[in-house]
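Tertiary structure, described
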Amino acid sequence: MYYGWLLITAAMIISAAVAGVKGSLPFFMVPMAEALGWSIAAFAGTHFTGVLVNGLTQPILGHLVDRRDARKLILISIAVAGLATVGLGFIYYVWHLIVLFGIVFSAAMGGASFGVLGPLAARWFLNRRTLALSLLTAASTMGSIFLNQSAFMVQYSYGWEAAWIALGAILLCLGLPLGWKFLRSWPSEMGLKPDGGAESPVEVRLRGSAPVLQLGWFEVERWWRAFRSPPILALLPVFAIGGFASEVSSRDIVSFVQLSFGVSTTEIMTALVLDQTCTGISRMQ
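Below, the structure is looked at part by part. All chains use their own residue numbering, which begins from 1 and follows the written sequence. With the structure being a predicted model, the display of local features is reserved for residues of pLDDT at least 70 and the display and counting of side-chain atom pairs for 80 or more, all residues being used for whole-chain, interface and lining totals. Note: side-chain values were computed over all heavy atoms of the structure, leaving out hydrogens and water.

1. Things to note about the overall build of the protein chain
Each helix is a run of H or I in the DSSP string that is no shorter than four residues. Each strand is a run of E no shorter than two, and both are numbered from the N terminus. Helix and strand counts for the protein chain stand at eleven helices and zero strands. In the protein chain, the order of α-helices and β-strands from amino to carboxyl end is α-α-α-α-α-α-α-α-α-α-α. Note on classification: 1.4 Å probe, protein chains only; a residue is buried when its accessible area is under 20% of the maximum for its type, exposed when over 50%, partly exposed between these limits. Burial status across the protein chain gives 42% buried among its 285 residues. Residue contacts are counted whenever heavy atoms from the two residues lie within 4.5 Å of one another. Here the contacts in the protein chain between residues at least 6 apart in sequence split such that 77% fall between residues at least 24 apart. The Shrake-Rupley method, run with a 1.4 Å probe, gives the accessible areas here. Residue values count only the displayed protein chains as cover. By element, 69% of the accessible surface of the protein chain is carried by carbon and sulfur atoms, the whole surface being about 14600 Å².

2. Topic: the side chain of Asn54
Structurally, the position occupied by Asn54 is in helix H3 (residues 40–67). On the accessibility criterion, Asn54 (15% relative accessible area) is buried. As used in this structure description, the phrase polar contact means that two N or O atoms lie within 3.5 Å; if the pair is within protein, one of them must be able to donate a hydrogen and the other to accept it, and residues adjacent in sequence are counted only when both atoms belong to side chains. Of note is the side chain of Asn54, whose polar atom sits 3.0 Å from the backbone oxygen of Ser106. Contact partners of Asn54, with chain neighbours within four places excluded, come to Ser106, Met109 and Gly110.

3. Looking at the nonpolar core
Soluble globular proteins tend to bury their nonpolar side chains together. Take the buried Ala, Val, Leu, Ile, Met, Phe, Trp, Tyr and Cys residues and link them wherever side-chain atoms come within 4.5 Å; each set so joined is a nonpolar core. If you look at the biggest cluster of nonpolar residues, it comprises 52 residues, and the most contacted ones within it are Phe28, Met32, Phe43, Leu97, Phe105, Trp164 and Leu183. Elements that contribute at least two residues to this core include exactly helix H1 (3–22), helix H2 (26–36), H3, helix H4 (70–87), helix H5 (94–109), helix H6 (114–124), helix H7 (129–158) and helix H8 (160–182). At ten residues, the largest contribution of residues to this core is made by H1. Not counting residues up to four positions away in its chain, the partners in contact with Phe105 are Val18, Val21, Lys22, Ala81, Ala84, Thr85, Leu100 and Leu171.

4. A look at the pattern of salt bridges
One speaks of a salt bridge when a side-chain nitrogen belonging to Lys or Arg is within 4 Å of a carboxyl oxygen belonging to Asp or Glu. Taken as a whole and assessed by the stated rule, the structure comprises one salt bridge. One salt bridge connects Arg128 with Asp195, and the closest N-O pair in it is separated by 3.2 Å. Of this pair, Arg128 sits in the loop between H6 and H7 while Asp195 sits in the loop between H8 and helix H9 (201–207), and the two are 67 residues apart along the sequence.

5. Concerning a nonpolar patch on the surface
The patch calculation keeps residues exceeding 30% relative accessible area without a salt bridge and links them within 9 Å when they carry like charges or within 5 Å when they are nonpolar (Val, Leu, Ile, Met, Phe, Trp, Tyr). Residues Tyr92, Tyr93, Trp95, Val99 and Ile103 make up a contiguous nonpolar surface patch of about 570 Å² in total accessible area. You can see Ile103 is positioned in helix H5. Looking at Ile103, the relative accessible area reads 38%, which means it is partly exposed.

6. A look at the packing of aromatic side chains
The criterion for an aromatic pair is that two Phe, Tyr or Trp rings (for Trp, the six-membered ring) have centres within 6.5 Å, with stacked assigned to planes under 30 degrees apart, edge-to-face to planes over 60 apart and tilted to the rest. Enumeration according to the criterion identifies eight aromatic pairs in this entry. Here the aromatic rings of Tyr3 and Trp124 are separated by 5.6 Å at their centres, their planes lie at 40 degrees, and the arrangement is tilted. Of the two residues, Tyr3 sits in helix H1 while Trp124 sits in helix H6, which places them 121 residues apart along the sequence. We note that Tyr3, like Trp124, is buried. The criterion for a charge sitting over a ring is simple: Lys NZ or Arg CZ within 6 Å of the ring centre, and within 35 degrees of the ring normal. One cation-aromatic arrangement involves Arg71 over Trp180; the distance from NZ or CZ to the ring centre is 4.8 Å. The positively charged end of Arg123 is found above the aromatic ring belonging to Trp186, 3.9 Å away from the centroid.

7. Looking at H6
Summarising burial for H6: eight of the eleven residues are buried, a large majority. Residues of H6 that are buried include every one of Val116, Leu117, Gly118, Leu120, Ala121, Ala122, Arg123 and Trp124, and no others. Buried-residue contacts for H6 involve H1, H3, H4 and H7.

8. Some points on the packing of H1 against H6
The axes of two packed helices give the description: the angle between them and the distance between them. Whenever a helix is involved, its axis is fitted only over the stretch in contact; in every case the axis is a line through C-alpha atoms, and angles between N-to-C directions fall within 0 to 180 degrees. Relative orientation of the contacting elements H1 and H6 amounts to 170 degrees, with a least axis distance of 10 Å. Between H1 and H6, the angle is such that the two are roughly antiparallel. Within the contact between the two elements, H1 uses Tyr3, Gly4, Leu7, Ile8, Ala11, Ile14 and Ser15 and H6 uses Leu117, Ala121 and Trp124. Only Asp, Glu, Lys and Arg are considered charged, only Ala, Val, Leu, Ile, Met, Phe, Trp, Tyr, Cys and Pro nonpolar, and every remaining residue, Gly among them, polar. Taken together, the residues that form the contact of H1 with H6 break down as eight nonpolar, two polar and no charged. Under this scheme an angle from 65 to 115 degrees is roughly perpendicular, one under 35 degrees roughly parallel, and one over 145 degrees roughly antiparallel; angles in between are oblique.

9. Description of the side chain of Thr46
Topologically, Thr46 is positioned in helix H3. A relative accessible area of 0% means that Thr46 is categorised as buried. Ignoring sequence-local partners within four residues, the contact set of Thr46 consists of Leu97, Ile98, Phe101 and Gly102.

10. Section: the environment of Phe152
Its location among the elements puts Phe152 in helix H7. The class of Phe152 is buried, set by a relative accessible area of 15%. Once the C-alpha coordinates of Phe152 and Ser24 are considered, the two residues, 128 residues apart in sequence, prove to be 8.6 Å apart.

11. Some remarks on the packing of H1 against H7
Between H1 and H7, whose axes approach to 7 Å, the crossing angle comes to 40 degrees. Considering only the axes of H1 and H7, their crossing is right-handed. Taking contact as the criterion, the partners of Trp5, Ile8, Ala11, Met12, Ser15, Ala16, Ala17, Ala19, Gly20 and Val21 in H1 are, on H7, Leu131, Ala132, Leu135, Leu136, Ala139, Ser140, Gly143, Ser144, Leu147 and Asn148. Residue classes in the contact of H1 with H7 are distributed as 14 nonpolar, six polar and no charged. Take the far helix as your reference; a near helix turned counterclockwise from it by less than a right angle gives a left-handed crossing, and one turned clockwise gives a right-handed crossing.

From the geometry alone we can't say anything about function, so treat these as descriptive.
So, in structure tokens, the structure goes:
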């Protein structure tokens, strides 16, 4: 078996865990608000802060992945995100939630999400790159199904504090060991080449072991130069509009439906499971 598939498997589990923790916040809104006397606006503010912090830190993390050890960055991100999630089980004030989830977790999760794991996977695959990336993308969607459902069950039986601690333990006890064991920044670290081709020009340049090779049509050495290319100019408005609609509908709709129509969490979970399952299957196809 080509080692890249082991790396993809580990990356899928990590991506699923991180996405599951990120998407679990709406299911904590009502029980935490009732227990701590908070308003739903506090969670909306936390969500806004998290999206903003995650967006602002992504270019920085992308630059670090290009210039530093991607494996080390991913491991540090998993550890910080896991510790921040565990800390959410011991909070008492709104600013604790904003700092731990809106700032610390949201910044750290960018280093262990598709934005970093995707380019890492692309380094290992040429012929079957689309398949590898689609599996990785589907994993993040499917992770929301299992972790959100698991968090709800733990929350129902043992309380929201235990649910947060359990989610953090999954990141620390599952994601961290898998990343340490199987993730590698470049195929050359295992004495291999990318699946279906020669070494990447970027890898060759970073090692400094060979002359600079010709870049691809839209490949750049500095991330900010990508803004001069037609693809990025076409993708930016699409992702901006789609991301806004997705974040609003997927996060705020849970508490809105619960408070406005008295729909139970179980019914909402059932609807979301069906939605995420169809999304994950369509991405793999």
